[in-house]
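Coordinates in review
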Amino acid sequence: MLTQFHLTERHHHILWATIRHYIATAEPVGSKALVEEYNLKVSPATIRNGMGVLERAGLLYQPHTSSGRVPSDSGYRIYVDKLITPSETFADEALQLLREQLNLKNCSLEAVLRGASQILSTLSGYITLVTLPQTITTRLRHLQLVSIEPGKIMLVVVTDSYQTQSSLIELSSPNHPSNSNTMGVNPLPENEEVLEQELQLLSNFLNAQLRGKSISELSALDWSELDREFQRYSDFLRKLLTDLSFRTQTPEYTRILISGIAEVLHLPEFSQLQQVKTLMHLLEEEQEQLWPLIFPPSQKERVTVRIGSENPLETIQGCTLVSAQYRRDNIPVGSVGILGPTRMMYENAIAVVEAAADYLSEAIS
């Protein structure tokens, strides 16, 4: 429909003023309000005519025949793409709060992400969504092999985000051929005291070789040219790390940390109890549906803004989702987003999401 209309600078100015007024008041906007509050330098009749053009172009509509006009999703799209720029002041405020209130040295990565989510929801007034980083990019901080009982050892792994993972490894012996659930013939000694010494020696070796490597790198490591004292462990190590890589491979989505639901309950868009229940169910029970929206696999834009009907999920088609990816070594590992009504302060929302993504990229690097 938009191609049928040539929108002038005046039309864009009227659209900008209409949306700004509607965002501030949540009330349909008439020409009189624009004349009184915005310096459009034209008569009310000219404004009414311009609003009529914008309505025929599908950018505004009248919710009731006797009321003023409100923006459509298409109107918001023009507003976001052409009529505003993110607020540098708001971005600076967000960065300052994140740096002042989050302790990168003494907190786990999840605690930092959760704190960032809470800060952003308070600052923006909307729901904040922050995904945990994908496991495939997690780096190893410490590994330890521990004997549990004869034929069984435990591999304990600590990641750079101080998350701990463990896996039980069953070892077969020459008298008990390996199967799909074991690590093959056991190269470790049976004597308990000697076994503990060997496991500690292997643990030290693994830490020296693997500290700082990502889990995705483990299965591709070449153990064929080990020093003589570790040569007999080459097959064991290869199977051990392939198994670890398999056990910790990334699922389709990781958990999404959510803050700020209370922030939006006072907004008229969330006044219906059933609507809030449906949204809560999506956020708490069906996060896998949100995952491809907040962390799209082929995102090219620095910030993605999905407005109303642009969201494929019916539950949030009355909302806008603003998201940006945070990165590690220039590889996208997670995303931070803001979910609110389409009647959103886009200049602030885009600025705070972009600032948070930059901060989290810096924090995990």
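Read on for an overview of the structure. (Residues numbered from 1 in each chain as written. Predicted model: local features only at pLDDT ≥ 70, side-chain atom pairs only at ≥ 80, totals over all residues. Heavy atoms only, no water.)

Considering the packing of aromatic side chains
Applying the stated rule across the entire model yields 4 aromatic pairs. With a centroid separation of 5.8 Å and an interplanar angle of 80°, the aromatic rings of Trp 16 and Tyr 38 are classed as edge-to-face. With Trp 16 in helix H1 (residues 9-25) and Tyr 38 in the loop between helix H2 (31-37) and helix H3 (44-56), this pair connects stretches of sequence that are 22 residues apart. Looking at Tyr 38, the relative accessible area reads 17%, which means it is buried. What links up through ring pairs into an aromatic cluster is the set Tyr 76, Tyr 79 and Tyr 346. (Phe/Tyr/Trp six-rings, centres within 6.5 Å; stacked < 30°, edge-to-face > 60°. Helix = DSSP H or I, 4+ residues; strand = E, 2+ residues; numbered from the N terminus. Buried < 20%, exposed > 50% of the residue type's maximum accessible area, 1.4 Å probe, protein only.)

Quick word on unusual backbone geometry
In terms of backbone geometry, most residues other than glycine have negative phi values and most peptide bonds are trans. Phi at Ala 26 is positive, roughly 65°, even though this residue is not glycine. Summarising the element assignment, Ala 26 is placed in the loop between H1 and H2. With relative accessibility at 22%, the residue Ala 26 sits in the partly exposed group.

Focus on the pattern of salt bridges
Any two side chains of opposite charge can pair, given that their charged atoms come close. Applying the stated criterion to the full structure yields 11 salt bridges. For Arg 114, the salt bridge identified is with Glu 110, shortest N-O distance 3.1 Å. Of this pair, Arg 114 and Glu 110 are both found in helix H6 (residues 109-124), 4 residues apart, which corresponds to roughly one turn of the helix. On the accessibility criterion, Arg 114 (34% relative accessible area) is partly exposed. A residue is classified by how much of its surface remains accessible, and Glu 110, at 21% relative accessible area, is partly exposed. (Salt bridge = Lys/Arg side-chain N within 4 Å of Asp/Glu carboxyl O.)

It is worth stressing that arrangement in space is one thing and function is another; only the former is reported here.
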